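For reference, the chains in residue letters:
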Amino acid sequence: MRSKIVPISNVARLSEAGDALLNRAPGMPGMGLVYGPSGYGKTTAVAWLATRQHGVFVRALATTTPSSLVESICKELSIGRRATIVGTIEVIVEKLADTNRPLFVDEADYIAENKRLVETLRDIHDLASVPVILIGMQNLRRTVSGREQLAGRIAQWVEFQKSTPEDAVILARELCEVPVADELVGRLHEAARGTVRLIVVGLGRIEQFARSRNLTKVSAADWPKNVDFFMGATPGAAR
């Protein structure tokens, strides 16, 4: 299996939104929201976008406070924090404004539930004028929509959805080093219920099967009917 980001539909929409935020007109809101169920590839895709845009990537925790959040940002920016949180935000804003690096915050569900954390990110966005992109689960949109001062700054809303059958074919073509027939990929997509994580697991299983039998390609007829694609994982568990 090759290790790479594949430009399936969710990734393409994320890339378009990221570019729009970077190239927005002066004075326009520059926050983005990326949301969707677990297993749809959000974190991997956002990490790729952050790398491509030379962004600052931090992850919120259940225990995150404004102080620990700005400390994490300082660490990623390779700058020292100041004696006060206000002073620390000032140096973060200066560094981000100078470098025009977007800020990505994963697990932002923890942020959206905390007024002080929301205000901290809002201040960084407003003062540095760089994109701030929040990544979280399906309910994040509802939570953010309920915070007027935050929702009004969201210029790009990107919902990660189930992959399409065409996405699965593209994943197989780009990731598998042993060709897999479209019919078998279709069966895998159906079994995975469109979940990217499970599709990738299944493709790895198919490739391992092919190599163990010295197959140069895998057809639907080659795959045993009584063997699942997920090494014991159940598709329902990933929904």
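Above this text is the structure in question.
Let me sum up the structure you'll find in this document. (Residues numbered from 1 in each chain as written. Predicted model: local features only at pLDDT ≥ 70, side-chain atom pairs only at ≥ 80, totals over all residues. Heavy atoms only, no water.)

1. Focus on helix α4 (residues 85–99)
Then, in step 1: For α4, which comprises 15 residues, the first-to-last C-alpha distance of 21 Å matches the rise-based estimate of 21 Å (1.5 Å per residue) to within 8%.
Then, in step 2: Buried within α4 are the following residues: G87, T88, I89, V91, I92, V93 and L96.
Then, in step 3: Next to the buried residues of α4 lie β2 (56–59), α3 (66–77) and α6 (115–128).
Then, in step 4: Looking at the residues trailing α4, positive phi occurs at N100, about 55°. (Helix = DSSP H or I, 4+ residues; strand = E, 2+ residues; numbered from the N terminus. Expected span 1.5 Å × (residues − 1). Buried < 20%, exposed > 50% of the residue type's maximum accessible area, 1.4 Å probe, protein only. Contact = heavy atoms within 4.5 Å.)

2. Some details on the nonpolar core
Then, in step 1: Counting 40 residues, the largest nonpolar core has V34, L171, L184 and I206 as the members making the most contacts within it.
Then, in step 2: Listing elements by their share of this core, those giving two or more residues are α1 (9–22), α2 (42–52), β4 (132–136), α9 (165–175), α10 (182–192) and α11 (196–212).
Then, in step 3: Among the elements that take part in this core, α11 stands out by supplying seven residues, more than any other.
Then, in step 4: If we ignore the near neighbours within four places in the chain, the residues touching I206 are V180, L184, L188, V218, W223 and F229. (Core = buried A, V, L, I, M, F, W, Y, C linked by side-chain atoms within 4.5 Å.)

3. Comments concerning the pairing of β2
Then, in step 1: The side-chain alternation of β2 yields one buried face, formed by V56 and V58, and one unburied face, formed by F57 and R59.
Then, in step 2: One ladder, built from four bridges, connects β2 with strand β3 (residues 103–106); its direction is parallel. Following the sheet pairing, V56 is matched in β3 by L103. (Pairing = 2+ DSSP bridges.)

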